[in-house]
Amino acid sequence: MPAIGNAQLKLLERLSNACAVSGDEGEVRKIVLAEIEGRADEIKVDALGNVLAIKKGSERKRLRVMLSAHMDEVGFMLVADDGEGIFRFEVIGSIDPRQLPGKAVLVGRDHTPGVIGARPIHLTTADERKRAIPVDSLRIDLGPGGKAKPGDRATFATPFRRVGPSLLGKALDNRLGVATLIELLRNAPPNVDLLAAFTVQEEIGLRGAKVAAFALDPDLGIAVDATPAHDQPSWDGEPAPFYNTRLGLGPALYVADRATLSDPRLVRWLTDSAEAAGLPYQIRQPGGGGTDAGAIHRARAGVPAVSVSVPHRYPHTAASLARLDDWKNTLALLHTALTRLTPAVLAGER
Amino acid sequence: MPELIPFLKDLLSAPGLSIHEGPVAELIRTRWAPLVDEISLSRLGSLHARRKGSAAEPRPSILIATHMDAIGLMVTRIEDGFLHLAQVGGVDARVLPGQLVTVHGRQDLPGVVIQPSPRLLPPGFEENPVPLEHLLVDTGLLPRRVNELVRVGDLVSFAQPPLELAGETIAGHTLDNRASVAALTVCLETLQNRPHAWDVWAVATVAEEVGLIGAYTSTFQLRPTLVIVLDVTFAKGPGANEWNTFPLGKGPTLVMGANMHPALHKALKDLADKLEIPYAVEYAPTHSGTDASATQVTAEGIPSAVIGIPLRYMHTPVEVVAVKDIRRAGRLLAEFIAGLTPDFMDKITWDD
Amino acid sequence: MKSLIQKLTETFSPSGYENAIREVIRREVEPLADELRVDALGNLIARKGPSTGSGPAKGKKRLMLAAHMDEIGLIATHIDENGFVRFTGIGGIRPQALTGGRVRFVNGAAGVIGIERLSDPSKAPTLEQCFIDVGATSPKDCPVKVGDVCGFDRPFLDLGRRLVAKAMDDRIGCAVLIETLRALESTPHEVYFVFTTQEEVGLRGAHTAAFGVEPEIGLSVDVTGTGDTPKGSRMAVSLGKGPAIKVKDSGMLSDPRLVAWMCAGAEKARLPYQREVLEGGTTDAMAMQVSRAGVPAGCLSIPSRYIHSPSEMVDYEDVQNAVKLLTALVSKPIEW
Ligand SMILES: [Zn+2]
Ligand SMILES: [Zn+2]
């Protein structure tokens, strides 16, 4: 039974602090490869940079289950050198432009520090302050002579830390999933073939998962990700009917998002597993968003798929926040469900 | 070697809107057939031409994708002899009024896109651009004759003939992406005198403008080891001087970003440096906006690269391209192919 | 055929939850098909005609005919403290078609759609401003939980030549496929009648079914809009002038060879037809076209008014002519 202790928290810290913007996942890939070395029967890096690891079970009649966790995070790419260490940039993935001004960033493989500034308030008009600052008027500033070049990626610079029962850092979406998948691979149950895909380019179109699912050709797929928790008070003090998930209620199981209608057989299997093990879970509110499951279930002639996510607040910003207990319970639920996974789960028709 | 410019002009004049590429495919087939070992059409009409390499079987292969489809218009409805229109591919309705077109009815008919008088339009169009739903084609024929010759779903293509402008530049419609087809032709011609180890699939894809359909399907069928996509990109010019535009006539672009394999991109850059072929690096952080978005994610994933040919006024009937850039792109491609060693894939890794 | 259409349209099966409609269709096609299977996404695939084993022959093709069996619906997102159900849409839901509507959940529960007081009553509400009242007073006595799905509840209406129902999109296509299968005495082709899932959320069933079936020709049968209602959208398709042969919609350009084949087939059989260019919406044909190494694809459309409302209307003669045309097309060799 895998557990989350200091070693796992240290790993999460390294993963969160690593920079791996979609299309340039090398830094996280390196950590993953080192962590899973010798823990799988087969490990390879594919044409897009996905890490695919296969851990075969030992029992008879095993299902081939693909677990996918995306390694990439949202961020920036420098696209033009304005001189004096100042660079124009483009946003990669969905980041609310209002999250950008006044932030520290890390640029390139060497994590060169930089900032995204804003016009001094003194020079702005009241009217101007009512409008969002457009991205194309913002720059990344490394200081005069700062070393970088167009094509370099950049991320928010927030260092990972623990605060009481919570975890705070950048890119918890989806380093929580990556860390979870590493633990599952290390503790793979013997009744399944575990096909682990640490995927790339999820944030810009589920590209890694698409080719990974084609290559692995699994019997079923589970995306392990982080999902927003909008469980803050609403402006009018009324109870809000739209919150997606809530911190502290356990792993979030998907029924429907914009990319996938989860296979009901798998949702039932997960809820049954949670109830049997006395683990908490919550149904993520059906609605928008999407995970790697969106690509997995459409692979080849179709793959039953579902998503399990760790709830976290303030996704795709400089500082997101999750509860340690939710992460622990997500890992526990996935592991216990996998140990209960038999061909009977998929025996009937969807 | 037949002349490039007359061939390019033929390419521009050949009809071939998305999914209806038959005529232009035939023109390209005629030109490529003597340059390759085998040539055929895919089930959707993409042209697949193979030059066999000299390496031992199983030989690696490189697929060069150039889409051959054109954007244009389609008849949605006929009203009193006037034709209502929908777009095929992305057309800016603001360039349409006064445009000469060919209506591909039971026979080809000349026509002109007309902007009805503001008095015939809902309020607000005295000065504002008139959207496609209100533009019409007038063929000059009487309604009865139009009803005989034209049906709902008939295609309408731009009739602007190609022009040679100063400085060895060409203007015309559909230079996106027939300019790249011409560059690939240059590449195939250059390879006549150059041995190469890898198989080369020269592919003219269908229906890029409406969803990269040829790229998805041809890549799936041929399963190449590598893909290079050749497409046009934005040239600097009036109204376009941003970071994502590149000088006309100063060489092709080599595109880097999430759709492109970094090692393949670097190999092309190194080669261009070595050959002293001028180029610019183009940054496409998320989407390349080309067939590479499809080729990269086909099957288990295929390392892809993109070479861009700078072009002004994209998706208008007067796109402008420098012939020099076409030749450079073709030469770079040929040299790259000739330099592919049997073990080249050992270099296409993720060196983190 | 009308009673079949009634049975099909009165079944509740929103996208992703097609069990009920699959059972209804299975009972119809089981005695008619040479082979029947259900794939991972729940597509029901019925083969008629010689399978690949008999080898290739001139004029013989592997065809996939697709009609989607899912319908648009709603999915519960939240049960509030007074037992009201908040929801979001499955597929293209138009809020203006919701007010006062009744819904039926897959688990049998029923309810009515209410809306919040609008600050501007002249504007259509957003989905977030709507809720379902199932007669509950608290989450405890609410028969619905988060994630439950429902469809619109509206009985089939027979107006003689015109038929009205919810989910006519695309149960009418399913009816056309079933009747074609019934009418088809013999075919030189290997024909797959595929009742697809999850079309309304992105052609997902057709995407995987096409991969599995590997057709050489793909044809969807689905509804299309019309331009024949007062001050409606302007489109050269009318109810009652025959099934429509699609040239283009907003997601796909039909393969010109298929368009020509279908038009010629209609003319030869002296059946009325219309050529269609649809500016909003697409069909399973889009997914088939780009499958594997590519599939020449097209669509036979049933003209329909008020699509994606709980009262979609078709013309019975158009429907019957669609069956005749499709039967004629697939009974003969295809020479291109
Ligand atoms: Zn994520
Ligand atoms: Zn439909």
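Thresholds, definitions, all that
Residues numbered from 1 in each chain as written. Chains lettered and ligands numbered in written order. Predicted model: local features only at pLDDT ≥ 70, side-chain atom pairs only at ≥ 80, totals over all residues. Heavy atoms only, no water. Donors = N, O, S within 2.8 Å, 3.2 Å for Na, K, Ca; no water. Tetrahedral: all angles 85-135°; square planar, octahedral: opposite > 155°, others 65-115°. Helix = DSSP H or I, 4+ residues; strand = E, 2+ residues; numbered from the N terminus. Buried < 20%, exposed > 50% of the residue type's maximum accessible area, 1.4 Å probe, protein only. Phe/Tyr/Trp six-rings, centres within 6.5 Å; stacked < 30°, edge-to-face > 60°. Lys NZ or Arg CZ within 6 Å of the ring centre and 35° of its normal. Contact = heavy atoms within 4.5 Å. Buried area = accessible area lost by both parts, 1.4 Å probe. Salt bridge = Lys/Arg side-chain N within 4 Å of Asp/Glu carboxyl O. Polar contact = N/O pair within 3.5 Å; in protein donor to acceptor, adjacent residues only side chain to side chain. Nonpolar A, V, L, I, M, F, W, Y, C, P; charged D, E, K, R; others polar. Pairing = 2+ DSSP bridges.

*Asks:* Can you break down the coordination of the zinc ion (ligand 2) residue by residue, with the values?
*Replies:* Residues and elements named next belong to chain C. The zinc ion (ligand 2) binds to the protein through H68 (NE2), D169 (OD), D222 (OD) and D222 (OD); the donor distances cover 2.1 to 2.6 Å. Every donor counted, the 4 donor atoms about the zinc ion (ligand 2) form angles of 51 to 142° at the centre, which fits irregular coordination. Mapped onto the sequence, the donors of the zinc ion (ligand 2) take the spacing H-x100-D-x52-D. With D169 in helix α3 (residues 168–183) and D222 in strand β13 (residues 217–224), the pair connects residues that are 53 residues apart, well separated along the chain. As far as the burial class goes, D169 and D222 line up, both buried.

*Asks:* Explain the packing of aromatic side chains to me, using residue names and the numbers behind them.
*Replies:* Inspection of the entire model under this criterion finds 8 aromatic pairs over all chains. Consider the rings of C:F84 and C:F131, whose centres lie 5.2 Å apart with planes at 70°: the pair is edge-to-face. Here C:F131 lies in strand β8 (residues 130–133) and C:F84 lies in the loop between β4 (73–79) and β5 (85–90), a separation of 47 residues in the sequence. By relative accessible area, which is 27% here, C:F84 ends up partly exposed. On the accessibility criterion, C:F131 (16% relative accessible area) is buried. By way of ring pairs, the aromatic residues A:F76, A:F89 and A:F156 are connected into one cluster. The cationic tip of A:R246 hangs over the ring face of A:Y243; the distance from NZ or CZ to the ring centre is 3.7 Å.

*Asks:* Tell me about the interface of chain B and chain A, residues and numbers included.
*Replies:* Chain B puts 25 residues into the contact, and the matching count from chain A is 28 residues. Here chain B packs against chain A, burying approximately 2,200 Å² in sum over the two surfaces, 62% of which is carbon and sulfur. Inspection of the region where chain B meets chain A yields 1 salt bridge. Of the charged contacts in the structure, one is a salt bridge between B:E242 and A:R88, with a shortest N-O distance of 3.4 Å. For the interface between chain B and chain A, the tally reads 8 residue pairs in polar contact (both at pLDDT 80 or more). At the level of secondary structure, the elements contributing two or more residues to the side of chain B that touches chain A comprise α5 (213–222) and β14 (253–257) of chain B.

*Asks:* Which residues make up the interface of chain C and chain B, and what are the values?
*Replies:* Listed per partner, the contact involves 25 residues of chain C and 24 residues of chain B. Overall, the association of chain C and chain B removes approximately 2,100 Å² of surface from exposure, summing both partners, and the carbon and sulfur fraction of that is 63%. Counting the surface chain C buries against chain B, the share from its top three residues, C:L253, C:R275 and C:A293, is 28%. Remark: the boundary between chain C and chain B carries 2 salt bridges. Put simply, B:E79 and C:R234 hold a salt bridge, and the shortest N to O gap is 3.0 Å. Applying the counting rule to chain C against chain B returns 6 residue pairs in polar contact (both at pLDDT 80 or more). It is strand β15 (residues 274–277) of chain C that contributes the most residues to the side of chain C that touches chain B, 3 residues altogether. Classifying every residue of the side of chain C that touches chain B by side-chain character gives 12 nonpolar, 4 polar and 9 charged.

*Asks:* Could you give an account of the pairing of strand β13 (residues 220–228) of chain A, naming the residues involved and the relevant values?
*Replies:* Residues and elements named next belong to chain A. Counting buried positions along β13 gives 8 out of 9 residues, so the element sits mostly inside the fold. Alignment of strand β3 (residues 63–70) against β13, held across 4 bridges, turns out to be parallel. Across the sheet, residue L67 finds its bridge partner in β13, namely I222. When β13 meets strand β16 (residues 305–313), the two strands line up parallel, connected through 8 bridges. Within β16, the residue paired with D225 across the bridge is S309.

*Asks:* Any details on the coordination of the zinc ion (ligand 1)? Residues and values, ideally.
*Replies:* Residues and elements named next belong to chain A. The zinc ion (ligand 1) binds to the protein through H70 (NE2), D173 (OD), D225 (OD) and D225 (OD), with metal-donor distances spanning 2.1 to 2.7 Å. With 4 donor atoms in place around the zinc ion (ligand 1) and angles of 50 to 140° between them, the coordination shape is irregular. Of note, the zinc ion (ligand 1) draws all its donor residues from one chain, in the sequence arrangement H-x102-D-x51-D. In this pair, D173 sits in helix α3 (residues 172–186) while D225 sits in strand β13, placing the two residues 52 residues apart along the sequence. In this structure D173 comes out as buried when scored by relative accessible area, which is 10%. Here D225 falls in the buried class, since its relative accessible area comes to 5%.

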